[in-house]
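Structure at a glance
Letter by letter, the chains look like this.
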Amino acid sequence: MIEMPPIVPVKYEDGTWGRKGDYPYSEEGENPLLLLRDRKDE
């Protein structure tokens, strides 16, 4: 399970994906919605 703090936006106005590391003192991590979008079923 990937947790994302609720303060991080899914996407910013410029179209870039929000990431955990965008905010001070938070760990680096990818946006879970971006990971699901790019997932390939095998």
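Fair warning: this is a prediction, and the values are worked out from it, not measured in the lab.

Here is what the cut-offs are and how they apply
- Residues numbered from 1 in each chain as written.
- Predicted model: local features only at pLDDT ≥ 70, side-chain atom pairs only at ≥ 80, totals over all residues.
- Heavy atoms only, no water.
- Helix = DSSP H or I, 4+ residues; strand = E, 2+ residues; numbered from the N terminus.
- Buried < 20%, exposed > 50% of the residue type's maximum accessible area, 1.4 Å probe, protein only.
- Contact = heavy atoms within 4.5 Å.
- Areas by Shrake-Rupley, 256 points an atom, 1.4 Å probe, with all protein chains shown as cover.
- Patch = residues over 30% accessible without salt bridge, like charges linked within 9 Å, V, L, I, M, F, W, Y side chains within 5 Å.
- Salt bridge = Lys/Arg side-chain N within 4 Å of Asp/Glu carboxyl O.

**Brief notes about the overall build of the protein chain**
- Within the protein chain one finds one helix and zero strands.
- Counting every position in the protein chain, which comprises 42 residues, the buried fraction comes to 17%.
- In the protein chain, of all internal contacts separated by at least 6 residues, the share reaching a separation of at least 24 is 12%.
- Surface accessibility of the protein chain: about 3800 Å² in total, with carbon and sulfur atoms responsible for 53%.

**Focus: the environment of D22**
- Structurally, the position occupied by D22 is in the segment before α1 (32-38).
- Note on D22: relative accessible area 38%, which makes it partly exposed.
- Residues D22 and P5, 17 residues apart in the sequence, show an inter-C-alpha distance of 11 Å.
- Leave out the neighbours within four places in its chain, and D22 touches Y12 and W17.

**Quick word on a nonpolar patch on the surface**
- A contiguous nonpolar patch, built from V10, L33 and L36 and spanning about 280 Å² of accessible area, is present on the exposed surface.
- When you line up the elements, V10 lands in the segment before α1.
- Using a relative accessible area of 42% as the deciding quantity, one classes V10 as partly exposed.

Remember, this is a structural readout, not a statement about activity or role.
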